Amino acid sequence: MLPGLAYFLLFHYGAFIGNVVAFKEYVPFDGLWASPWVGVENFSRMFGDPDFWHATWNTLAIALLQLIFFFPVPLAIALLLHGLTSDLLRRFVQSVVYLPHFLSWVIVVALFQQVLGSTGLLNSALGDAGLHAVDIIGNPDAYKPLVVAQVVWKDAGWGTIIFLAALMQVDEQSYEAAAIDGAGPWRRFWHVTLPSIRPVIVLLLIMRLGDVLSVGFEQMLLQRSTVGPGAGEILDTFVFWQGLVGGDTGYAAAAGLFKGVVGAALVFAANKVAHRLGEQGIYK
């Protein structure tokens with residue numbers, strides 16, 4: 001456990017010290033502690049910045065779409081794989097749906113551009129058929145559904161691992177007893193499968209809520225220039241452009257700290273709701 005413990009202590013808990021930058025006018029030549037203290041000035045400027053709120057609403061909209069359309073997909077794939085009787089077919093399907101997870105976002109974005117871009121395969125086929133071209137990649141209105149579809153294609157298969165492991169633990173005798181009592185596939189799912197894996201679903205949902213404002217920095221950064229900051233700016237890219245590109249480190253740190261506080265609050269709130277519903281959640 002020591003290497004893993006050292007990793008979290010150094011790169012997660014130790015990094016908390018850097019949050020002091022959010023309360024300073026950070027000057028790299030002066031260092032972390034010698035930079036002038038400005039209190040909550042960075043936060044006041046941030047809450048009055050329309051660009052910050054625009055990035056926040058974009059982030060929340062994409063996070064909500066991911067929660068609605070991405071979170072159920074791994075469970076659905078796991079249920080389909082669990083229902084396959086052929087081990088060979090199950091392993092083949094698993095390999096196919098897991099494979100995109102190991103591709104970098106650079107490759108994934110390039111693939112989508114080759115298919116859905118202005119000169120991609122879709123528009124080539126439409127042109128050959130005498131139809132009008134459709135530039136999905138460069139359309140700001142289609143950007144949010146597009147990035148959600150990319151996440152589903154890339155990571156839904158990988159997300160099935162935990163659900164599939166949970167389904168393997170469901171007692172087969174419960175299915176047999178329900179079938180003998182006349183329960184069909186839907187009722188067996190509703191009264192046997194779902195209650196058995198509900199603790200895992202609640203746990204993953206709480207963890208997802210804690211990371212809800214992290215909707216994919218690299219994915220968004222690669223496509224931000226295509227649709228412009230109006231549609232493509234999120235909190236992570238806002239912090240990147242303000243801090244690393246613009247050099248306003250204190251202001252960017254304030255935005256990052258705001259994101260972390262909101263994520264922690266969502267975890268605590270969701271865990272409390274889980275306790276009220278009789279589930280263990282992340283902690284008791």
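Computed from a predicted model, the values in this text were never measured in an experiment. (Residues numbered from 1 in each chain as written. Predicted model: local features only at pLDDT ≥ 70, side-chain atom pairs only at ≥ 80, totals over all residues. Heavy atoms only, no water.)

**Student:** Summarise the overall build of the chain; cite the residues concerned and give the values.
**Tutor:** Secondary structure assignment for the chain yields 15 helices and zero strands. Every one of the 284 residues in the chain was classed for burial, and the buried ones make up 36%. Between the centroid of the 15 positive side chains of the chain and the centroid of its 20 negative side chains there is a distance of 9 Å. (Helix = DSSP H or I, 4+ residues; strand = E, 2+ residues; numbered from the N terminus. Buried < 20%, exposed > 50% of the residue type's maximum accessible area, 1.4 Å probe, protein only. Lys, Arg positive; Asp, Glu negative; His and termini not counted. Charge placed at Lys NZ, Arg CZ, Asp CG, Glu CD.)

**Student:** Requested: an account of the layout of surface pockets, with residues and values cited.
**Tutor:** Taken as a whole, the largest pocket holds about 700 Å³ of empty space. Take the lining of the largest pocket: its biggest share by element is seven residues, from helix α9 (residues 143-168). Classifying every residue of the lining of the largest pocket gives 12 nonpolar, six polar and three charged. Phe11, His12, Ala15, Phe16 and Asn19 are, among the 15 residues lining the second largest pocket, the residues nearest its centre. Contributions of two or more residues to the lining of the second largest pocket are made by α1 (2-13) and α15 (249-276). Ranked by the residues each element gives to the lining of the second largest pocket, the list is headed by α15, at six residues. (1 Å grid on protein atoms, 1.4 Å probe; cavity = no way out; pocket = protein on both sides within 12 Å on 5 of 7 lines; lining within 4 Å. Points joined across faces, edges and corners; volume = space filled by probe spheres on them. Nonpolar A, V, L, I, M, F, W, Y, C, P; charged D, E, K, R; others polar.)

**Student:** Describe in detail the nonpolar core, supporting the description with residues and values.
**Tutor:** Phe112, Phe163, Ile197 and Ile201 are the most contacted members of the largest nonpolar core, which totals 28 residues. Mapped by element, the contributors of at least two residues to this core are α5 (72-83), α7 (105-116), α9, α10 (172-180) and α11 (185-210). Looking at this core element by element, the count peaks at seven residues for α9. Ignoring any residue separated from it by four or fewer positions in sequence, one finds Ile201 in contact with Phe71, Leu75, Phe163 and Leu194. Within the second largest apolar cluster, 24 residues are counted, among which are Ala22, Val148, Val212 and Leu235. (Core = buried A, V, L, I, M, F, W, Y, C linked by side-chain atoms within 4.5 Å. Contact = heavy atoms within 4.5 Å.)

**Student:** Report on the pattern of salt bridges, specifying residues and quantitative values.
**Tutor:** For the structure shown, the criterion picks out five salt bridges. The shortest N-O distance in the salt bridge between Arg45 and Asp248 comes to 2.8 Å. On the criterion of sequence distance, the pair formed by Arg45 in helix α3 (residues 41-47) and Asp248 in the loop between α14 (235-245) and α15 is long-range, its members being 203 residues apart. According to the relative accessible area criterion, Arg45 is partly exposed, its value standing at 39%. Between Arg90 and Asp87 there is a salt bridge, with its nearest N and O atoms 2.7 Å apart. One end of the pair, Arg90, and the other, Asp87, are both in helix α6 (residues 87-98), three residues apart, so they sit about a helical turn from each other. The exposure class of Arg90 is buried, given its relative accessible area of 15%. In this structure Asp87 comes out as partly exposed when scored by relative accessible area, which is 46%. (Salt bridge = Lys/Arg side-chain N within 4 Å of Asp/Glu carboxyl O.)

**Student:** Provide a residue-level description of the UniProt feature "transmembrane region" (unreviewed entry) in the chain, including the pertinent values.
**Tutor:** Here the UniProt feature "transmembrane region" (unreviewed entry) sits at residues 5-23, 60-84 and 96-116. The distance from the first to the last C-alpha atom of residues 60-84 is 37 Å, and the span holds 88% helix and 0% strand. The distance from the first to the last C-alpha atom of residues 96-116 is 22 Å, and the span holds 71% helix and 0% strand. (UniProt positions renumbered as here; feature names shortened; annotations may be inferred.)

**Student:** Lay out α7 in plain terms, naming residues and giving numbers.
**Tutor:** Between its first and last C-alpha, α7 extends 16 Å over 12 residues, near the 16 Å set by a 1.5 Å rise per residue. Among all positions of α7, only Trp105, Val108, Val109, Phe112 and Leu116 are buried. All buried residues of α7 project into a common sector of 95 degrees when viewed along the axis, lining one side. Contact partners of the buried residues in α7: α8 (121-128), α9 and α12 (217-227). (Expected span 1.5 Å × (residues − 1). Arc of directions from axis to C-beta.)

**Student:** Describe the side chain of Thr193, with residues and values.
**Tutor:** Considering the arrangement of structural elements, one finds Thr193 in helix α11. Residues within four places of Thr193 in sequence aside, it is in contact with Leu79, Leu167, Tyr175 and Arg188.

**Student:** Pulling in residues and values, what's your account of a nonpolar patch on the surface?
**Tutor:** Taken together, the side chains of Leu2, Leu5, Tyr7, Phe8, Leu9, Leu10, Phe11, Tyr13 and Phe16 present a nonpolar region at the surface, about 1,000 Å² in accessible area. Mapping Phe8 onto the fold places it in helix α1. Judged by relative accessible area, Phe8 falls into the partly exposed class, the value being 43%. (Patch = residues over 30% accessible without salt bridge, like charges linked within 9 Å, V, L, I, M, F, W, Y side chains within 5 Å. Areas by Shrake-Rupley, 256 points an atom, 1.4 Å probe, with all protein chains shown as cover.)

**Student:** An account of the environment of Phe43 is needed here, citing residue identities and associated values.
**Tutor:** If you trace the backbone, Phe43 turns up in helix α3. Residue class for Phe43 comes out buried when judged on its relative accessible area of 13%. For Phe43 and Phe258, which are 215 residues apart along the polypeptide, the C-alpha to C-alpha distance reads 8.6 Å. Discounting chain neighbours no more than four positions away, the residues touching Phe43 are Ala22, Phe23, Ala254 and Leu257.

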